[in-house]
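The residues making up each chain are set out below.
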Amino acid sequence: MDISKAILLLRKHRQGTLTDQERRSLERWYRSYALSRPRHIDQEEMEKRLDEVWNTLLETDDETAVPLRSNSRRWLLWAGAAASLLLMAGLYWWPPVLPTADPQTNTVADVLPGTARAYLLLSNGKQMDLSQEVSGILADENGVTVVKVQEGELSYQPAPEPTTGKPVYNEIITPRAGQYMVHLPDGTKVWLNAASSIRFPIEFSGGQRVVDIKGEAYFEVSKQFSNGKRIPFLVRSGQQTVEVLGTEFNVNSYSDEQAIRTTLVEGSIKVNFSGIRGKEVLLRPGQQLQYIPAAGKKITDEERLTVNTINTQAAIAWKNGYFRFDHVSLEELMRQICRWYQMDVWYDGPLGKHEFVGKIERTATLAEVLAILEAGDLSFQIDQNKIIVTRNNHGNL
């Protein structure tokens, strides 16, 4: 097959219109093309050829299609729902190779992706499994109606008349392999990622709106006014408090991550820290704050707070149905995967350093995801609820 035919098939692959026969033809051509090229070439020549193949074959403005420039191993990957593509730039591996079509390679059994799953904890202590409830009214708390709108979406409809007295709280908890969206009583929309929770009053009163989260959540905050002034919205996550006037942002505060990452998509927010006296950070759209809580770490306050301009789509990809990796380590990548597929990870010996760039649809099964990653110098096995990661022996890699 000539390169013009390959380009046509690759375009169809990206559009999701590739037939099974065309996919097999493209995979055979890709593997044959790879085997016809020398593997042991110097770094400069390898990068030049990799860029030529990448730019020639993809001919796309897809934001993940960027040349790789590094002396360390970096993996560039792109995956659709039914097929996958991976490029790896390494010292001794070239050029790109499509993984085999069999998603069960090196696995005992496949694992399905996460779904719309969450638990609702009412003020009276009753816990409801939202995945088991039919759509409709689930509860009435002080006149506030809790409605399951559809699978994966919950809505709080305010009481006809505001109530007084002690605040009444609800909590929504997503397990690993779960995700959910909720409309808060003030109209704010919140998306919860896997292994996350949000605790909030069923009625906001007073001069501010306050919620507490664990894990990761994306907010579209509704603007609220009282006597002509905006009512601030506060999101507390551990030692960090985000103050909002009306905006869209993401907070990643998983306990197994080194830092709390707050990413501003739209509007403006002010972040305060109970662990750093008198310090606050103002974020502009496109900026991400990384805050390292104290937790016994011997670092200065300046080192604990860093602000960077990033591609916000990488931070909120989970909300839009993707894993998206922007130069993330193997360990961080595996933490994301384990949360979504309800798995644990075990590393079999030293693996070296890896960086991943690209995206994979979260509707893929675990075996499909691991098949993409296995095209390089790593192997994965699924052993019940554990992913075992090992390093292949490829010379000096």
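Positions within a chain are numbered from 1, following the residues in the order the chain's sequence is written. Only residues with pLDDT of at least 70 get local features here, since the model is predicted, and only at 80 or more are side-chain atom pairs given and counted; chain-wide, interface and lining totals rely on the full set of residues. Neither water nor hydrogens contribute to the side-chain values; these are computed over all heavy atoms in the structure.

A. Representation of the pairing of strand β22 (residues 287-291). In terms of burial, β22 is largely enclosed, as four of its five residues are buried. As judged from the four bridges shared by strand β19 (residues 260-266) and β22, these two strands associate in the antiparallel manner. Note on β22: the bridge partner recorded for threonine 262 is leucine 289. If DSSP finds at least two bridges between two strands, the strands pair. Helix and strand definitions follow DSSP, with helices as H or I runs of at least four residues and strands as E runs of at least two, each counted in order from the N terminus. Across five bridges, β22 lies against strand β23 (residues 305-309) in antiparallel orientation. Considered in β23, the bridge of tyrosine 291 is made with leucine 305. Accessibility here uses a 1.4 Å probe with only protein chains present; expressed as a share of the type maximum, an area under 20% marks a residue as buried, one over 50% as exposed, and anything in between as partly exposed.

B. Up close: the side chain of glutamate 153. Summarising the element assignment, glutamate 153 is placed in strand β8 (residues 153-157). A residue counts as positive if it is Lys or Arg and as negative if it is Asp or Glu; His and the chain ends are not included. Salt-bridge detection follows one rule: a side-chain nitrogen of Lys or Arg within 4 Å of a carboxyl oxygen of Asp or Glu. Here glutamate 153 is buried and forms no salt bridge, its nearest opposite-charge partner lysine 189 lying at an N-O distance of 7.0 Å. Sequence-distant contacts of glutamate 153, that is, excluding residues within four places in its chain, are made with Val147, Lys148, Tyr180, Met181 and His183. Contacts are assigned to residue pairs with any non-hydrogen atoms lying within 4.5 Å of each other.

C. Region of interest: the packing of aromatic side chains. Pairs were defined over the aromatic rings of Phe, Tyr and Trp, the Trp ring being its six-membered one, requiring ring centres within 6.5 Å. Orientation was assigned from the angle between planes: stacked under 30 degrees, edge-to-face over 60, tilted for the rest. Scanning the model with the defined rule gives eight aromatic pairs in all. Between the aromatic rings of phenylalanine 323 and tyrosine 341, the centroid separation amounts to 6.2 Å while the plane-to-plane angle is 25°, which identifies the pairing as stacked. Within this pair, whereas phenylalanine 323 is found in strand β24 (residues 322-329), its partner tyrosine 341 is found in helix α6 (residues 330-341), the two being separated by 18 residues in sequence. Classification of phenylalanine 323 as buried rests on a relative accessible area of 1%. Looking at tyrosine 341, the relative accessible area reads 2%, which means it is buried. Site record: aromatic cluster; members linked through ring pairs are Phe204, Phe219, Phe233 and Phe249.

D. Expanded view of the pattern of salt bridges. On inspection of all chains with the given rule, the structure shows ten salt bridges. For arginine 209, the salt bridge goes to aspartate 186, with nearest N and O atoms at 2.4 Å. Taken together, the residues arginine 209 in strand β13 (residues 209-220) and aspartate 186 in the loop between β10 (178-183) and β11 (189-192) connect sequence positions 23 residues apart. Comparing arginine 209 with aspartate 186, the two get one shared label, buried. A salt bridge links arginine 339 to aspartate 256, with the shortest nitrogen-to-oxygen separation between them at 2.8 Å. Taken as a pair, arginine 339 in helix α6 and aspartate 256 in the loop between β18 (248-253) and β19 lie far apart in primary sequence, 83 residues in all.

E. Focus on the environment of threonine 262. Relative to the helices and strands, threonine 262 is located in strand β19. Overall, threonine 262 belongs to the buried group, its relative accessible area being 0%. For threonine 262 and glutamine 288, which are 26 residues apart along the polypeptide, the C-alpha to C-alpha distance reads 5.5 Å. The residues contacting threonine 262, other than those within four sequence positions of it, are Gln240, Val242, Asn250, Val251, Ile269, Leu283, Gln287, Gln288 and Leu289. Pairs of N or O atoms are called polar contacts if they sit within 3.5 Å, as long as, within protein, a hydrogen donor faces a hydrogen acceptor (for residues adjacent in sequence, only side-chain-to-side-chain pairs). Within polar-contact distance, the side chain of threonine 262 engages the side chain of glutamine 240 at 2.7 Å.

F. Seen up close, the pairing of strand β12 (residues 196-201). Burial analysis of β12 places five of its six residues in the buried class, the great majority of the element. As paired elements, strand β9 (residues 169-174) and β12 share six bridges and run antiparallel to each other. If you follow threonine 174 over to β12, its bridge partner there is serine 196. Pairing of β12 with β13, which is carried by three bridges, proceeds in the antiparallel orientation. Bridge pairing in β13 links serine 197 to lysine 214.

G. The arrangement of unusual backbone geometry in detail. A positive phi angle, near 55°, is found at alanine 195, a position not held by glycine. Overall, the relative accessible area of 31% leaves alanine 195 in the partly exposed class. Of note, asparagine 227 is a non-glycine position whose phi angle comes to about 55°, a positive value. With respect to the helices, strands and loops of the structure, asparagine 227 is situated in the loop between β14 (225-226) and β15 (229-230).

H. Representation of the confidence of the model for the chain in the model. Values of pLDDT, which run from 0 to 100, indicate the predictor's confidence residue by residue. Put simply, the chain has an average pLDDT of 79, and 72% of its residues get 70 or more. The model gives residues 34-43 a pLDDT under 50, and that stretch makes 19 contacts with residues more than four places away or in other chains.

I. Expanded view of the sheet that holds strand β28 (residues 386-391). An order of β25-β28-β27 is seen for the three strands of this open sheet, with the pairing classed as mixed. The outermost strands of the open sheet, each flanked by one partner alone, are β25 (344-347) and β27 (378-383). Neighbouring strand axes in the sheet, compared pairwise and without regard to direction, differ in orientation by 25° on average. Two strands pair when backbone bridges link them, and β27 and β28 are joined in this way by six bridges, in the antiparallel orientation. When the sheet's bridge partners are listed, aspartate 383 is paired in β28 with lysine 386. The sheet contacts of α6 involve β25, β27 and β28, and relative to β25 the element is tilted by about 150°. Each axis is a line fitted through C-alpha atoms, and for a helix only the stretch in contact is used; angles between axes span 0 to 180 degrees, taken between their N-to-C directions.

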